[in-house]
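Listed below, chain by chain, are the residues.
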Amino acid sequence: TSSEQMEAGPYRFDDIPVVTGAGQVSLVTRDLTGREQVVVTDFYASQRLLRKGLSEYSYSLGSFRQDYGVKSNDYGDAFLSGFHRYGLNDHLTVEGQAQYSADVGRLGGGITWALPRVGVTSVGLGFSQADSGGSGIDVFLGHEYRTRMYRFNVAFRHSGEDYRQLADDGDLLGIKLSAAIGAGVQLGSSGSISAALARREYHDSTRSSLASLSYSRSIGREWSLVSYGSYVDGDESDYAIGIGLTRSLGGRRSTTTDISVDDGQWRARGEVRSNLPRGPGFGYRVAAGRQGDNDLWEADLSANTGIGNYRLESDHDDNGLAWRASAAGSAAWIGGMPFLTREVRDAFAVVRVNGFEGVRVYVDNQEIGRTNGTGRLLLPGLRPFEANRVSIDLDDVPLNARIDHLETVVTPYAGAGVLADFPAAEGHDVMFRLILPDGSAAPQGGRVSLEDSPERSPVGIDGAVYLREVAGRAHGVLRWRGRSCGFTVSVPVGGDTVPDLGDVGCRYEDGQ
(Lines give C-alpha, C1' and ligand atoms only; values in the text may rest on other atoms or scores of the structure.)
Protein backbone atom coordinates (compact mmCIF):
# COMPACT_ATOMS: atom_id res chain seq x y z
CA THR A 1 0.00 0.00 0.00
CA SER A 2 2.79 2.40 0.87
CA SER A 3 6.52 2.41 1.63
CA GLU A 4 8.39 4.91 3.78
CA GLN A 5 12.03 5.28 4.84
CA MET A 6 12.33 5.75 8.60
CA GLU A 7 15.11 7.70 10.32
CA ALA A 8 17.33 6.01 12.88
CA GLY A 9 16.05 5.55 16.40
CA PRO A 10 12.59 4.99 17.87
CA TYR A 11 9.63 5.83 15.63
CA ARG A 12 5.88 5.86 15.70
CA PHE A 13 3.83 5.13 12.56
CA ASP A 14 0.56 7.06 12.59
CA ASP A 15 -0.26 7.75 8.93
CA ILE A 16 -1.74 4.35 8.16
CA PRO A 17 -3.68 4.48 4.87
CA VAL A 18 -7.46 4.13 5.19
CA VAL A 19 -8.58 0.56 4.49
CA THR A 20 -12.18 0.10 3.35
CA GLY A 21 -14.14 -2.94 4.47
CA ALA A 22 -13.31 -5.38 7.21
CA GLY A 23 -9.71 -6.47 6.93
CA GLN A 24 -6.22 -6.25 8.31
CA VAL A 25 -3.20 -4.01 7.91
CA SER A 26 0.28 -5.50 7.43
CA LEU A 27 3.28 -3.36 8.43
CA VAL A 28 6.63 -4.71 7.18
CA THR A 29 9.81 -3.15 8.60
CA ARG A 30 13.31 -3.90 7.34
CA ASP A 31 16.43 -2.58 9.09
CA LEU A 32 19.91 -1.95 7.70
CA THR A 33 20.95 -5.53 8.38
CA GLY A 34 18.14 -6.84 6.19
CA ARG A 35 16.07 -8.32 9.01
CA GLU A 36 12.34 -8.06 8.38
CA GLN A 37 9.44 -7.94 10.79
CA VAL A 38 5.81 -8.27 9.73
CA VAL A 39 3.06 -6.98 12.03
CA VAL A 40 -0.50 -8.01 11.12
CA THR A 41 -3.28 -6.20 13.00
CA ASP A 42 -6.92 -5.26 12.66
CA PHE A 43 -7.15 -1.85 11.04
CA TYR A 44 -9.48 -0.31 13.63
CA ALA A 45 -8.60 -2.17 16.84
CA SER A 46 -5.33 -2.15 18.73
CA GLN A 47 -3.81 -5.37 20.00
CA ARG A 48 -1.72 -3.69 22.67
CA LEU A 49 -2.25 -4.18 26.36
CA LEU A 50 -2.65 -1.16 28.63
CA ARG A 51 -1.34 -1.04 32.16
CA LYS A 52 -3.83 -0.95 35.02
CA GLY A 53 -5.84 2.28 35.11
CA LEU A 54 -4.53 3.61 31.78
CA SER A 55 -7.01 4.72 29.10
CA GLU A 56 -6.65 5.20 25.37
CA TYR A 57 -9.51 6.87 23.54
CA SER A 58 -10.56 8.94 20.55
CA TYR A 59 -13.91 10.65 19.87
CA SER A 60 -14.62 12.30 16.52
CA LEU A 61 -17.36 14.47 15.05
CA GLY A 62 -17.20 15.39 11.39
CA SER A 63 -18.63 15.18 7.89
CA PHE A 64 -17.86 12.80 5.06
CA ARG A 65 -15.50 14.18 2.42
CA GLN A 66 -16.90 13.85 -1.12
CA ASP A 67 -15.14 13.85 -4.51
CA TYR A 68 -11.72 13.85 -2.84
CA GLY A 69 -9.06 15.03 -5.27
CA VAL A 70 -11.71 16.43 -7.63
CA LYS A 71 -13.56 19.10 -5.62
CA SER A 72 -12.46 21.31 -2.77
CA ASN A 73 -14.49 21.87 0.38
CA ASP A 74 -17.17 19.35 -0.59
CA TYR A 75 -18.67 17.56 2.43
CA GLY A 76 -21.73 15.41 2.97
CA ASP A 77 -23.56 13.92 5.96
CA ALA A 78 -22.29 14.26 9.49
CA PHE A 79 -21.06 11.31 11.56
CA LEU A 80 -19.96 10.37 15.07
CA SER A 81 -17.17 7.91 15.78
CA GLY A 82 -15.20 6.88 18.83
CA PHE A 83 -13.41 4.17 20.74
CA HIS A 84 -12.24 3.80 24.32
CA ARG A 85 -9.80 1.26 25.72
CA TYR A 86 -9.05 0.75 29.40
CA GLY A 87 -6.59 -1.40 31.30
CA LEU A 88 -8.45 -3.27 34.02
CA ASN A 89 -5.12 -4.67 35.15
CA ASP A 90 -1.71 -5.25 33.59
CA HIS A 91 -2.96 -8.44 31.92
CA LEU A 92 -6.46 -7.47 30.77
CA THR A 93 -7.58 -4.60 28.52
CA VAL A 94 -11.18 -3.94 27.44
CA GLU A 95 -12.46 -1.70 24.67
CA GLY A 96 -15.64 -0.40 23.14
CA GLN A 97 -16.35 1.20 19.77
CA ALA A 98 -19.27 3.12 18.30
CA GLN A 99 -20.02 4.73 14.94
CA TYR A 100 -23.13 6.52 13.78
CA SER A 101 -24.27 8.31 10.64
CA ALA A 102 -27.54 8.78 8.80
CA ASP A 103 -27.03 5.43 7.03
CA VAL A 104 -24.96 3.24 9.36
CA GLY A 105 -24.85 2.55 13.06
CA ARG A 106 -22.25 0.21 14.60
CA LEU A 107 -21.37 -0.98 18.09
CA GLY A 108 -18.44 -3.18 18.97
CA GLY A 109 -16.39 -4.38 21.87
CA GLY A 110 -13.44 -6.56 22.65
CA ILE A 111 -11.00 -7.80 25.23
CA THR A 112 -7.27 -8.47 25.07
CA TRP A 113 -5.57 -10.49 27.75
CA ALA A 114 -2.18 -12.06 28.39
CA LEU A 115 -1.61 -15.40 30.04
CA PRO A 116 1.82 -16.37 31.38
CA ARG A 117 3.67 -18.78 29.07
CA VAL A 118 0.67 -18.82 26.72
CA GLY A 119 0.71 -15.46 24.93
CA VAL A 120 -1.73 -12.65 24.15
CA THR A 121 -5.30 -13.41 23.03
CA SER A 122 -7.77 -10.92 21.53
CA VAL A 123 -11.51 -11.36 20.97
CA GLY A 124 -13.83 -8.85 19.31
CA LEU A 125 -17.50 -8.70 18.42
CA GLY A 126 -19.32 -6.06 16.37
CA PHE A 127 -22.90 -5.36 15.28
CA SER A 128 -24.12 -2.97 12.61
CA GLN A 129 -27.42 -1.65 11.30
CA ALA A 130 -27.49 -0.06 7.84
CA ASP A 131 -30.39 1.35 5.87
CA SER A 132 -28.98 -0.24 2.72
CA GLY A 133 -28.28 -3.72 4.11
CA GLY A 134 -30.05 -4.49 7.36
CA SER A 135 -28.24 -5.96 10.37
CA GLY A 136 -24.80 -7.58 10.33
CA ILE A 137 -22.29 -9.16 12.68
CA ASP A 138 -18.49 -9.27 12.76
CA VAL A 139 -16.35 -11.64 14.85
CA PHE A 140 -12.58 -11.47 15.43
CA LEU A 141 -10.23 -13.88 17.22
CA GLY A 142 -6.47 -13.60 17.40
CA HIS A 143 -3.57 -15.02 19.39
CA GLU A 144 0.15 -14.30 19.52
CA TYR A 145 3.00 -16.02 21.34
CA ARG A 146 6.49 -14.54 21.19
CA THR A 147 9.80 -15.30 22.88
CA ARG A 148 13.35 -14.35 22.01
CA MET A 149 13.63 -17.45 19.83
CA TYR A 150 10.11 -18.27 18.64
CA ARG A 151 7.11 -16.40 17.27
CA PHE A 152 3.63 -17.67 16.44
CA ASN A 153 0.47 -15.76 15.55
CA VAL A 154 -2.96 -16.61 14.23
CA ALA A 155 -5.89 -14.33 13.36
CA PHE A 156 -9.43 -15.09 12.21
CA ARG A 157 -12.22 -12.72 11.18
CA HIS A 158 -15.72 -13.43 9.88
CA SER A 159 -18.08 -10.69 8.68
CA GLY A 160 -21.70 -11.15 7.75
CA GLU A 161 -22.87 -10.09 4.32
CA ASP A 162 -24.85 -7.18 5.79
CA TYR A 163 -22.11 -6.00 8.14
CA ARG A 164 -21.20 -2.33 7.51
CA GLN A 165 -18.85 0.36 8.80
CA LEU A 166 -18.75 4.09 8.16
CA ALA A 167 -15.81 3.79 5.76
CA ASP A 168 -17.41 1.07 3.64
CA ASP A 169 -18.19 1.81 0.02
CA GLY A 170 -21.26 0.00 -1.24
CA ASP A 171 -19.48 -0.79 -4.54
CA LEU A 172 -16.66 -2.70 -2.83
CA LEU A 173 -16.83 -6.45 -2.44
CA GLY A 174 -17.50 -7.44 1.15
CA ILE A 175 -14.98 -9.71 2.87
CA LYS A 176 -16.63 -12.78 4.32
CA LEU A 177 -13.64 -14.53 5.89
CA SER A 178 -10.01 -13.65 6.47
CA ALA A 179 -7.55 -15.92 8.25
CA ALA A 180 -3.79 -15.76 8.72
CA ILE A 181 -1.20 -17.87 10.50
CA GLY A 182 2.49 -17.09 10.87
CA ALA A 183 5.54 -18.42 12.65
CA GLY A 184 9.20 -17.61 12.99
CA VAL A 185 12.29 -18.97 14.67
CA GLN A 186 15.64 -17.42 15.54
CA LEU A 187 18.55 -19.73 14.74
CA GLY A 188 21.19 -17.76 16.57
CA SER A 189 24.24 -17.05 14.43
CA SER A 190 22.62 -19.04 11.60
CA GLY A 191 19.92 -16.41 11.07
CA SER A 192 16.14 -16.52 11.28
CA ILE A 193 13.26 -18.09 9.31
CA SER A 194 9.68 -16.81 9.00
CA ALA A 195 6.66 -18.32 7.24
CA ALA A 196 3.06 -17.21 6.79
CA LEU A 197 -0.20 -18.50 5.29
CA ALA A 198 -3.25 -16.32 4.65
CA ARG A 199 -6.65 -16.79 3.04
CA ARG A 200 -9.44 -14.37 2.18
CA GLU A 201 -12.98 -15.19 0.98
CA TYR A 202 -15.51 -12.68 -0.34
CA HIS A 203 -19.30 -12.74 -0.29
CA ASP A 204 -19.38 -13.10 -4.08
CA SER A 205 -17.66 -16.54 -3.69
CA THR A 206 -14.24 -15.32 -4.95
CA ARG A 207 -11.21 -16.17 -2.83
CA SER A 208 -7.45 -15.77 -2.66
CA SER A 209 -4.61 -17.41 -0.73
CA LEU A 210 -1.05 -16.37 0.08
CA ALA A 211 1.98 -18.38 1.19
CA SER A 212 5.33 -16.77 2.01
CA LEU A 213 8.71 -17.83 3.37
CA SER A 214 11.74 -15.68 4.27
CA TYR A 215 15.23 -16.23 5.64
CA SER A 216 17.74 -13.67 6.91
CA ARG A 217 21.10 -13.73 8.65
CA SER A 218 24.06 -11.54 9.46
CA ILE A 219 27.43 -12.28 7.88
CA GLY A 220 30.20 -10.90 10.01
CA ARG A 221 29.78 -7.41 11.42
CA GLU A 222 29.11 -5.56 8.16
CA TRP A 223 27.11 -7.86 5.87
CA SER A 224 23.60 -9.27 6.02
CA LEU A 225 21.57 -11.51 3.73
CA VAL A 226 17.82 -11.76 3.21
CA SER A 227 15.92 -14.08 0.85
CA TYR A 228 12.21 -14.56 0.36
CA GLY A 229 9.56 -16.31 -1.70
CA SER A 230 5.79 -15.93 -1.97
CA TYR A 231 2.90 -17.34 -3.98
CA VAL A 232 -0.59 -15.89 -4.43
CA ASP A 233 -3.38 -18.21 -5.57
CA GLY A 234 -6.53 -16.52 -6.83
CA ASP A 235 -8.15 -15.08 -9.92
CA GLU A 236 -4.73 -13.74 -10.89
CA SER A 237 -2.08 -16.11 -9.49
CA ASP A 238 1.43 -14.77 -9.02
CA TYR A 239 4.74 -15.74 -7.46
CA ALA A 240 7.86 -13.86 -6.37
CA ILE A 241 11.32 -14.91 -5.17
CA GLY A 242 14.30 -12.77 -4.34
CA ILE A 243 17.59 -12.37 -2.53
CA GLY A 244 19.28 -9.24 -1.20
CA LEU A 245 22.69 -8.42 0.28
CA THR A 246 23.31 -5.38 2.49
CA ARG A 247 26.59 -3.95 3.71
CA SER A 248 26.96 -1.32 6.40
CA LEU A 249 29.47 1.40 5.43
CA GLY A 250 29.64 2.87 8.91
CA GLY A 251 27.61 5.63 10.49
CA ARG A 252 24.33 6.10 8.65
CA ARG A 253 25.62 4.78 5.30
CA SER A 254 24.87 1.43 3.69
CA THR A 255 24.63 -0.27 0.30
CA THR A 256 22.14 -2.91 -0.86
CA THR A 257 21.98 -5.21 -3.89
CA ASP A 258 18.97 -7.40 -4.63
CA ILE A 259 17.78 -9.68 -7.43
CA SER A 260 14.22 -10.94 -7.76
CA VAL A 261 11.79 -12.50 -10.18
CA ASP A 262 8.08 -11.64 -10.05
CA ASP A 263 5.72 -13.77 -12.14
CA GLY A 264 8.50 -14.57 -14.60
CA GLN A 265 9.87 -11.01 -14.87
CA TRP A 266 13.44 -10.45 -13.62
CA ARG A 267 14.48 -7.42 -11.62
CA ALA A 268 17.98 -6.36 -10.47
CA ARG A 269 18.66 -3.32 -8.33
CA GLY A 270 21.52 -1.67 -6.44
CA GLU A 271 21.26 1.13 -3.88
CA VAL A 272 23.58 3.39 -1.84
CA ARG A 273 22.10 5.46 0.97
CA SER A 274 22.94 7.69 3.87
CA ASN A 275 20.04 7.96 6.28
CA LEU A 276 18.90 11.39 7.36
CA PRO A 277 20.09 12.17 10.91
CA ARG A 278 17.54 12.82 13.62
CA GLY A 279 18.94 16.31 14.06
CA PRO A 280 20.24 18.83 11.48
CA GLY A 281 22.09 17.29 8.54
CA PHE A 282 21.76 15.72 5.11
CA GLY A 283 20.77 12.33 3.74
CA TYR A 284 20.68 10.83 0.27
CA ARG A 285 19.69 7.73 -1.66
CA VAL A 286 20.73 6.63 -5.15
CA ALA A 287 19.38 3.44 -6.75
CA ALA A 288 19.61 1.97 -10.24
CA GLY A 289 18.51 -1.27 -11.83
CA ARG A 290 16.62 -3.04 -14.57
CA GLN A 291 13.20 -4.67 -14.62
CA GLY A 292 12.37 -6.67 -17.71
CA ASP A 293 13.28 -4.47 -20.67
CA ASN A 294 13.18 -1.20 -18.72
CA ASP A 295 15.96 0.71 -16.99
CA LEU A 296 15.07 2.05 -13.55
CA TRP A 297 16.72 4.64 -11.37
CA GLU A 298 15.79 6.64 -8.31
CA ALA A 299 17.50 9.42 -6.40
CA ASP A 300 16.56 11.67 -3.51
CA LEU A 301 18.26 14.28 -1.37
CA SER A 302 16.89 15.27 2.02
CA ALA A 303 17.89 17.80 4.64
CA ASN A 304 17.00 18.68 8.21
CA THR A 305 17.55 22.26 9.34
CA GLY A 306 16.64 24.00 12.55
CA ILE A 307 13.29 25.14 11.13
CA GLY A 308 12.24 22.54 8.56
CA ASN A 309 12.54 19.28 6.65
CA TYR A 310 13.23 19.36 2.90
CA ARG A 311 13.21 16.61 0.32
CA LEU A 312 13.90 16.43 -3.43
CA GLU A 313 13.11 13.15 -5.23
CA SER A 314 13.37 11.86 -8.77
CA ASP A 315 12.67 8.49 -10.38
CA HIS A 316 12.54 7.01 -13.86
CA ASP A 317 10.64 3.92 -15.02
CA ASP A 318 8.63 2.80 -18.05
CA ASN A 319 6.19 5.65 -17.41
CA GLY A 320 8.92 8.28 -17.80
CA LEU A 321 10.66 10.74 -15.50
CA ALA A 322 9.05 12.17 -12.35
CA TRP A 323 10.21 14.87 -9.92
CA ARG A 324 8.89 15.72 -6.48
CA ALA A 325 9.86 18.37 -3.96
CA SER A 326 8.50 18.84 -0.45
CA ALA A 327 9.09 21.03 2.58
CA ALA A 328 7.59 20.80 6.05
CA GLY A 329 7.95 22.69 9.29
CA SER A 330 6.06 23.65 12.44
CA ALA A 331 5.49 26.62 14.72
CA ALA A 332 5.17 26.12 18.46
CA TRP A 333 4.65 28.26 21.53
CA ILE A 334 5.93 27.15 24.93
CA GLY A 335 7.47 28.85 27.93
CA GLY A 336 6.22 32.23 26.72
CA MET A 337 8.29 32.07 23.54
CA PRO A 338 7.53 31.21 19.89
CA PHE A 339 9.62 28.66 17.99
CA LEU A 340 10.02 27.62 14.36
CA THR A 341 11.17 24.04 14.02
CA ARG A 342 11.03 20.86 11.99
CA GLU A 343 7.68 19.16 11.60
CA VAL A 344 6.05 18.27 14.91
CA ARG A 345 3.72 15.27 14.65
CA ASP A 346 3.49 13.75 18.12
CA ALA A 347 5.04 15.73 20.96
CA PHE A 348 7.88 18.17 21.57
CA ALA A 349 10.00 19.74 24.28
CA VAL A 350 12.02 22.90 24.78
CA VAL A 351 15.48 22.56 26.30
CA ARG A 352 16.63 25.52 28.41
CA VAL A 353 20.26 25.88 29.48
CA ASN A 354 20.15 29.37 31.09
CA GLY A 355 21.44 31.49 28.23
CA PHE A 356 24.34 29.28 27.13
CA GLU A 357 24.56 29.24 23.34
CA GLY A 358 25.85 26.38 21.18
CA VAL A 359 25.30 23.57 23.71
CA ARG A 360 24.73 20.24 21.96
CA VAL A 361 21.48 18.49 22.91
CA TYR A 362 20.78 14.76 22.58
CA VAL A 363 17.61 12.65 22.65
CA ASP A 364 18.23 8.97 23.35
CA ASN A 365 21.96 9.59 22.66
CA GLN A 366 21.28 11.05 19.18
CA GLU A 367 22.31 14.64 18.55
CA ILE A 368 19.32 16.86 17.75
CA GLY A 369 20.90 20.33 17.57
CA ARG A 370 22.49 23.19 19.53
CA THR A 371 20.92 25.82 21.77
CA ASN A 372 20.31 29.30 20.32
CA GLY A 373 21.42 32.67 21.67
CA THR A 374 18.90 32.44 24.52
CA GLY A 375 20.09 28.97 25.53
CA ARG A 376 16.99 27.23 24.17
CA LEU A 377 16.32 24.51 21.59
CA LEU A 378 13.01 22.97 20.53
CA LEU A 379 13.04 19.18 20.17
CA PRO A 380 10.42 17.84 17.72
CA GLY A 381 9.47 14.21 17.23
CA LEU A 382 9.36 13.04 20.86
CA ARG A 383 7.39 9.92 21.75
CA PRO A 384 4.19 10.83 23.67
CA PHE A 385 3.40 9.05 26.92
CA GLU A 386 6.88 7.47 26.93
CA ALA A 387 10.15 8.31 28.64
CA ASN A 388 12.43 10.39 26.37
CA ARG A 389 16.00 10.79 27.66
CA VAL A 390 17.28 14.33 26.99
CA SER A 391 20.91 15.20 27.71
CA ILE A 392 23.43 17.97 27.03
CA ASP A 393 27.17 17.89 26.32
CA LEU A 394 29.30 19.07 29.23
CA ASP A 395 32.13 20.02 26.85
CA ASP A 396 29.94 22.83 25.45
CA VAL A 397 29.25 24.39 28.84
CA PRO A 398 31.77 27.08 29.96
CA LEU A 399 34.26 26.04 32.60
CA ASN A 400 33.02 28.79 34.91
CA ALA A 401 29.43 27.47 34.80
CA ARG A 402 27.86 25.26 37.37
CA ILE A 403 25.12 22.87 36.27
CA ASP A 404 23.13 20.55 38.49
CA HIS A 405 22.58 17.68 36.03
CA LEU A 406 23.38 16.69 32.45
CA GLU A 407 20.39 14.42 31.73
CA THR A 408 16.67 14.50 32.37
CA VAL A 409 13.65 12.41 31.33
CA VAL A 410 10.52 14.01 29.84
CA THR A 411 7.15 12.34 29.18
CA PRO A 412 4.93 14.67 27.11
CA TYR A 413 1.29 14.25 26.21
CA ALA A 414 0.36 13.62 22.57
CA GLY A 415 0.44 16.90 20.62
CA ALA A 416 1.80 18.82 23.61
CA GLY A 417 5.13 20.24 24.71
CA VAL A 418 7.13 20.14 27.94
CA LEU A 419 10.10 22.05 29.32
CA ALA A 420 13.42 20.23 29.82
CA ASP A 421 15.27 22.57 32.16
CA PHE A 422 18.99 22.37 32.89
CA PRO A 423 19.53 25.06 35.55
CA ALA A 424 22.99 26.55 35.12
CA ALA A 425 24.70 29.48 36.80
CA GLU A 426 27.67 31.38 35.44
CA GLY A 427 30.24 32.64 37.88
CA HIS A 428 34.00 32.83 38.22
CA ASP A 429 36.05 30.71 40.54
CA VAL A 430 38.82 32.78 42.14
CA MET A 431 42.01 32.17 44.11
CA PHE A 432 43.61 34.57 46.62
CA ARG A 433 45.67 34.76 49.80
CA LEU A 434 43.63 36.00 52.76
CA ILE A 435 45.54 38.33 55.15
CA LEU A 436 44.50 39.15 58.71
CA PRO A 437 44.57 42.77 59.99
CA ASP A 438 47.94 42.15 61.70
CA GLY A 439 49.50 41.19 58.35
CA SER A 440 49.69 37.45 59.03
CA ALA A 441 48.11 34.79 56.80
CA ALA A 442 44.64 33.52 57.69
CA PRO A 443 44.84 30.40 59.86
CA GLN A 444 44.75 27.06 58.09
CA GLY A 445 41.46 25.22 58.65
CA GLY A 446 39.35 28.36 58.88
CA ARG A 447 36.15 28.53 56.87
CA VAL A 448 35.33 31.16 54.25
CA SER A 449 31.87 31.84 52.82
CA LEU A 450 30.20 34.50 50.67
CA GLU A 451 27.14 36.43 51.79
CA ASP A 452 23.85 34.58 51.19
CA SER A 453 25.70 31.38 50.27
CA PRO A 454 25.54 28.18 52.34
CA GLU A 455 28.80 26.85 50.86
CA ARG A 456 31.98 27.15 52.91
CA SER A 457 35.53 26.83 51.61
CA PRO A 458 38.49 25.86 53.82
CA VAL A 459 41.58 28.00 54.20
CA GLY A 460 44.67 26.22 52.96
CA ILE A 461 48.39 26.58 53.67
CA ASP A 462 49.62 30.17 54.07
CA GLY A 463 46.08 31.62 53.83
CA ALA A 464 45.27 30.16 50.39
CA VAL A 465 41.56 30.32 49.54
CA TYR A 466 39.61 28.99 46.54
CA LEU A 467 36.06 30.34 46.09
CA ARG A 468 33.49 29.17 43.55
CA GLU A 469 30.97 31.22 41.57
CA VAL A 470 31.99 34.73 42.50
CA ALA A 471 30.01 37.20 40.40
CA GLY A 472 31.39 40.75 40.09
CA ARG A 473 32.01 42.26 43.53
CA ALA A 474 31.22 40.06 46.50
CA HIS A 475 31.51 40.26 50.29
CA GLY A 476 32.68 37.33 52.40
CA VAL A 477 33.63 36.36 55.91
CA LEU A 478 36.31 34.19 57.52
CA ARG A 479 35.35 32.25 60.64
CA TRP A 480 37.65 30.31 62.96
CA ARG A 481 37.63 29.54 66.70
CA GLY A 482 34.58 31.72 67.32
CA ARG A 483 36.05 34.75 65.58
CA SER A 484 35.14 36.36 62.23
CA CYS A 485 36.88 38.63 59.73
CA GLY A 486 35.11 40.25 56.74
CA PHE A 487 36.60 40.92 53.31
CA THR A 488 35.64 41.97 49.77
CA VAL A 489 36.76 40.48 46.46
CA SER A 490 36.24 41.80 42.91
CA VAL A 491 36.39 39.59 39.83
CA PRO A 492 38.34 41.27 37.01
CA VAL A 493 36.62 41.56 33.61
CA GLY A 494 38.10 39.11 31.08
CA GLY A 495 41.40 37.45 31.88
CA ASP A 496 41.86 33.91 33.16
CA THR A 497 38.97 31.57 33.80
CA VAL A 498 40.18 31.19 37.41
CA PRO A 499 42.00 34.45 38.22
CA ASP A 500 44.48 34.79 41.07
CA LEU A 501 43.55 37.93 43.04
CA GLY A 502 46.75 37.94 45.11
CA ASP A 503 46.62 39.17 48.71
CA VAL A 504 43.19 40.17 50.05
CA GLY A 505 42.94 41.80 53.48
CA CYS A 506 40.13 41.29 55.95
CA ARG A 507 38.79 43.32 58.88
CA TYR A 508 37.67 41.86 62.23
CA GLU A 509 33.90 41.82 62.77
CA ASP A 510 33.84 40.70 66.44
CA GLY A 511 35.17 43.99 67.81
CA GLN A 512 38.63 42.60 68.70
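Above: the structure in question.
Computed from a predicted structure; not experimentally measured.

A. Up close: the sheet that holds strand E25 (residues 366-370). Read across the open sheet, the 4 strands follow the order E25-E24-E27-E29; overall the sheet is antiparallel. At either margin of the open sheet sits one strand with a lone partner, and together these are E25 and strand E29 (407-410). For this sheet, the mean inter-axis angle between neighbouring strands, taken without regard to orientation, is 30°.

B. View of the pattern of salt bridges. Across all of its chains, the model carries 30 salt bridges by this definition. Here Asp138 makes a salt bridge to Arg157, at a shortest N to O gap of 3.3 Å. Of the two residues, Asp138 is situated in strand E8 (residues 134-146) and Arg157 in strand E9 (residues 150-159); the sequence distance between them amounts to 19 residues. For the residue pair Asp138 and Arg157, the accessibility class agrees, reading buried in each case. Between Glu386 and Arg383 there is a salt bridge, with its nearest N and O atoms 3.0 Å apart. In the salt-bridge network here, residues are joined through shared partners; they are Asp258, Arg267, Arg269, Glu271, Arg273, Arg285, Glu298, Asp300, Arg311, Glu313, Asp315 and Arg324.

C. Region of interest: the state of the cysteines. Applying the stated criterion across every chain, the model contains 1 disulfide. A sulfur-sulfur separation of 2.0 Å characterises the disulfide bridge that pairs Cys485 with Cys506. Across the S-S bond linking Cys485 and Cys506, the dihedral sits near 100°, which makes this disulfide right-handed. Residue Cys485 is found in strand E37 (residues 483-490), and its partner Cys506 is found in the loop between strand E38 (500-505) and strand E39 (507-508); the two are separated by 21 residues along the sequence. Classification of Cys485 as buried rests on a relative accessible area of 0%.

D. Representation of the side chain of Ser192. Inspection of the secondary structure assignment puts Ser192 in strand E11 (residues 192-202). Given a relative accessible area of 12%, Ser192 falls into the buried group. With sequence-adjacent residues up to four places away left out, Ser192 is seen in contact with Val185, Gln186, Leu187, Ser214, Tyr215 and Ser216.

Conventions used here
- Residues numbered from 1 in each chain as written.
- Predicted model: local features only at pLDDT ≥ 70, side-chain atom pairs only at ≥ 80, totals over all residues.
- Heavy atoms only, no water.
- Pairing = 2+ DSSP bridges.
- Helix = DSSP H or I, 4+ residues; strand = E, 2+ residues; numbered from the N terminus.
- Axes fitted to C-alpha atoms, helices over the stretch in contact; angles between N-to-C directions.
- Salt bridge = Lys/Arg side-chain N within 4 Å of Asp/Glu carboxyl O.
- Buried < 20%, exposed > 50% of the residue type's maximum accessible area, 1.4 Å probe, protein only.
- Disulfide = S-S within 2.5 Å.
- Contact = heavy atoms within 4.5 Å.

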